[in-house]
Amino acid sequence: MIYLHLFWEFMKIGLFAVGGGMATLPFLQRLSESTGWYSQSLITDMIAISESTPGPIGINMATYVGYSVAGVFGGIAATIGEVLPAVVVVVIVSKYLEIFQESVLVSDAFYGLRPAVTGLIAAAGLRVMQTSLFRAELFRQTGFIPDFFDFRKLLYFALVFIAVRKWKKHPVIYIAGSAAAGIILAF
């Protein structure tokens, strides 16, 4: 049954994606490859959507994928699957908060989890960059090195990166500006 499959796949993502929404990216990429429910480029689009709408990427992606695969009930099943592990863990942790706060074992576990999550997010970020800034498929077809680079997108990426580092405005400003620029310039 598709609802159970959606629930199960997104429950695994919700259970193991420690570190927030971006930590779900490697799991979402793997799910894309194993099920074919959505493309790798959709993940990049969902990051853009999730950064400009309320809610973490994992939940937004679960809802979208569930809905596109099996309608409203598919969206509900996938979303519940994504959220349920976090709810269970938070309830357990809140019940035993004092014990967990003072536990050397828990402290040591987080010592190892933090760099691992950082590595997962960095790897996913590199994959998103490959999908959104480079044209590997065109390069494979032509073998012409300049075809590998999407120079307009690379230039825009560099401009936004520099602007964020220099002016440190709220991310919504960059997201809205980028959406408007995309519409105007038709990247």
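Residues numbered from 1 in each chain as written. Predicted model: local features only at pLDDT ≥ 70, side-chain atom pairs only at ≥ 80, totals over all residues. Heavy atoms only, no water.

Q: How should I be thinking about the nonpolar core in this particular structure?
A: Phe-10, Leu-28, Tyr-38 and Met-61 are the most contacted members of the largest nonpolar core, which has 21 residues in total. Looking at this core, the elements that each hand over two or more residues are α1 (2-16), α2 (25-35), α3 (40-52), α4 (57-95) and α6 (104-133). For this core, the leading source of residues is α4, giving six residues. Residues contacting Leu-28, with those up to four places away along its chain left out, are Phe-10, Ile-13, Tyr-38, Ile-43 and Met-61. (Core = buried A, V, L, I, M, F, W, Y, C linked by side-chain atoms within 4.5 Å. Buried < 20%, exposed > 50% of the residue type's maximum accessible area, 1.4 Å probe, protein only. Helix = DSSP H or I, 4+ residues; strand = E, 2+ residues; numbered from the N terminus. Contact = heavy atoms within 4.5 Å.)

Q: Which parts of the structure should I look at to understand the confidence of the model for the protein?
A: Should pLDDT be low for a region, the predicted coordinates there are not to be read in detail. Averaged over all residues, the pLDDT of the protein equals 87, while 99% of them reach at least 70. Of all the helices and strands in the protein, helix α5 (residues 97-101) carries the lowest mean pLDDT, 74, while α1 carries the highest, 94. (pLDDT = per-residue confidence, 0-100.)

Q: Is there a simple way to explain unusual backbone geometry in this structure?
A: The general pattern is negative phi for most residues beyond glycine and trans for most peptide bonds. One non-glycine residue, Lys-168, adopts positive backbone phi at about 50°. The topology assignment puts Lys-168 in the loop between α8 (151-167) and α9 (171-185). Overall, the relative accessible area of 63% leaves Lys-168 in the exposed class.

Q: Is there a simple way to explain the packing of α3 against α4 in this structure?
A: Packed helices, taken two at a time, are described by the angle between their axes plus the distance between the axes. For the pair α3 and α4, interaxial distance at closest approach is 10 Å and the crossing angle is 120°. Taken as axis vectors, α3 and α4 run oblique relative to one another. In the crossing of α3 with α4, the sense of the turn from one axis to the other is right-handed. Seen from α3, the contacting residues are Leu-42, Ile-43, Met-46, Ile-47 and Ser-50; seen from α4, they are Ile-57, Asn-60, Met-61 and Tyr-64. Here the contact of α3 with α4 is composed, by residue class, of seven nonpolar, two polar and no charged. (Axes fitted to C-alpha atoms, helices over the stretch in contact; angles between N-to-C directions. Parallel < 35°, antiparallel > 145°, perpendicular 65-115°, else oblique. Left-handed = near helix turned anticlockwise from the far one by under 90°. Nonpolar A, V, L, I, M, F, W, Y, C, P; charged D, E, K, R; others polar.)

Q: Explanation requested: the layout of surface pockets in the structure shown.
A: One simple way to see leftover space: roll a probe sized like a water molecule over the atoms. Space inside the largest pocket adds up to approximately 1500 Å³. Every residue lining the largest pocket is counted, 33 residues in all, and those nearest its centre are Ile-47, Ala-48, Ser-132, Phe-157 and Ser-178. Top contributing element to the lining of the largest pocket by residue count: α6, with eight residues. Classifying every residue of the lining of the largest pocket gives 20 nonpolar, nine polar and four charged. Size it by volume and the second largest pocket reaches roughly 560 Å³. Around the second largest pocket, the lining comprises 25 residues; the ones closest to its centre are Gly-14, Ala-17, Val-18, Ala-86 and Val-89. Tallying contributions element by element places α4 first for the lining of the second largest pocket, with nine residues. (1 Å grid on protein atoms, 1.4 Å probe; cavity = no way out; pocket = protein on both sides within 12 Å on 5 of 7 lines; lining within 4 Å. Points joined across faces, edges and corners; volume = space filled by probe spheres on them.)

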